[in-house]
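The lines below spell out each chain.
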Amino acid sequence: MLTEPMLAEAVEIAHKQVSLAAEDLDGNAVATLVLELAEAWGVPALWEQVCRPLLAGLSGRTAAEVVVEHALCEGFRVGLDVYRREPGRSLPTGGVLLAGAEKEAHSLGLQALAAALREQGRGCLNLGPALPWSALTSAVYRARPHTVVLWSQTPVTGRAYRLVRFARDFARLRVYGAGPGWIEPLTGPAAHLDSLPAAVAACLAGAPGRDAHHIRYGSVPYR
């Protein structure tokens, strides 16, 4: 574990405070709580014990729940995005590329991973949601990362065979699928990351001591 888990009492209080702020449609209050909890417990514990459970608890069946979910997501997005950022100073990408799978509109998991990496003093290149496969290939040639993490929220976008094929086309890359959308098994050379701590560890472990800009890829046409 990169951070110690939150105490049960702290989790209960956090759930109540964040839920009340979201029900009041106060995204700024949610973001403030995210920053406070991240500083106290670390991003992995915050994400696994507060963010994910609260998001999973909203079914989105009614208009009121949809509005609360949007306020919650916006507060999480803002809090995670500003956490450990320094105006005028960007961390090097560190050879890590994050993106959402093609047609995947969700990206909170990517922002949580980026925030957790900043917490460790590491940067990344986060290209956001819904990156087409051809664009992902282009990004790899341009940025020359050593690790790629692709986020999928639903089985509609978690197309395991495409990720495995992508990983085989770029044998030098460490390729991972993250998020609940990858319901089909990911076979080698791709692998699945089932938690934020696992994702952070995988990104930190990639190509130790190697400059990502010296990685070269062969001429592999996108199929």
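Residues numbered from 1 in each chain as written. Predicted model: local features only at pLDDT ≥ 70, side-chain atom pairs only at ≥ 80, totals over all residues. Heavy atoms only, no water.

A. Structural view of the nonpolar core. Val18, Phe76, Leu80 and Leu113 are the most contacted members of the largest nonpolar core, which totals 46 residues. The residues contacting Leu113, other than those within four sequence positions of it, are Leu98, Val149, Leu196, Ala199, Val200 and Cys203. Listed in part, the 21 residues of the second largest apolar core include Leu131, Leu150, Phe166 and Leu186. (Core = buried A, V, L, I, M, F, W, Y, C linked by side-chain atoms within 4.5 Å. Buried < 20%, exposed > 50% of the residue type's maximum accessible area, 1.4 Å probe, protein only. Contact = heavy atoms within 4.5 Å.)

B. Representation of helix H1 (residues 8-23) in the model. With 16 residues, H1 should reach 22 Å at 1.5 Å per residue; the first-to-last C-alpha distance of 22 Å fits that figure. Along H1, the positions that sit buried rather than exposed are Ala10, Val11, Ala14, Val18, Ala21 and Ala22. Down the axis of H1, the buried side of the element spans an arc of 105°, and every buried residue falls inside it. Those residues of H1 that are exposed and angled more than 90 degrees off the buried face are Ala8, Glu9, Lys16, Leu20 and Glu23. Each element contacted by the buried residues of H1 is listed here: helix H2 (27-41), helix H3 (43-56) and helix H4 (63-82). Following H1 by one or two positions, Leu25 adopts a phi angle in the positive range, close to 60°. (Helix = DSSP H or I, 4+ residues; strand = E, 2+ residues; numbered from the N terminus. Expected span 1.5 Å × (residues − 1). Arc of directions from axis to C-beta.)

C. Structural detail: H2. The end-to-end C-alpha distance of H2 is 21 Å, a good match for the 21 Å that 15 residues give at a rise of 1.5 Å each. Residues of H2 that are buried: Gly27, Val30, Ala31, Leu33, Val34, Leu37 and Ala38. Viewed end-on, H2 has its buried residues packed into an arc of 160°, placing them on one side of the element. Opposite the packed face of H2, turned more than 90 degrees from it, sit the exposed residues Asn28 and Ala40. Two residues or fewer past H2, Gly42 is found with a positive phi of approximately 95°.

D. Molecular detail of the environment of Pro155. With respect to the element layout, Pro155 can be found in the loop between strand S3 (147-151) and helix H7 (160-169). Overall, Pro155 belongs to the partly exposed group, its relative accessible area being 48%. The spatial distance from the C-alpha of Pro155 to the C-alpha of Gly181 is 4.4 Å, given a sequence separation of 26 residues. Setting aside residues no more than four positions away along its own chain, Pro155 makes contact with Gly181 and Ile183.

E. Here's a closer look at the layout of surface pockets. Put simply, the largest pocket is a space of about 650 Å³. Lining the largest pocket are 26 residues, with Trp47, Leu55, Gly109, Trp151 and Gln153 positioned closest to its centre. Elements that contribute at least two residues to the lining of the largest pocket include exactly H3, H4, helix H5 (108-119), strand S5 (191-193) and helix H8 (196-205). Residues that form the lining of the largest pocket fall into these classes: 14 nonpolar, eight polar and four charged. The space that makes up the second largest pocket amounts to roughly 330 Å³. In terms of lining residues, the second largest pocket is bounded by 14 residues, among which Arg85, Ser90, Leu91, Arg118 and Cys124 are the most central. The element that contributes the greatest number of residues to the lining of the second largest pocket is H5, accounting for three residues. Partitioned by chemical class, the residues of the lining of the second largest pocket number three nonpolar, four polar and seven charged. (1 Å grid on protein atoms, 1.4 Å probe; cavity = no way out; pocket = protein on both sides within 12 Å on 5 of 7 lines; lining within 4 Å. Points joined across faces, edges and corners; volume = space filled by probe spheres on them. Nonpolar A, V, L, I, M, F, W, Y, C, P; charged D, E, K, R; others polar.)

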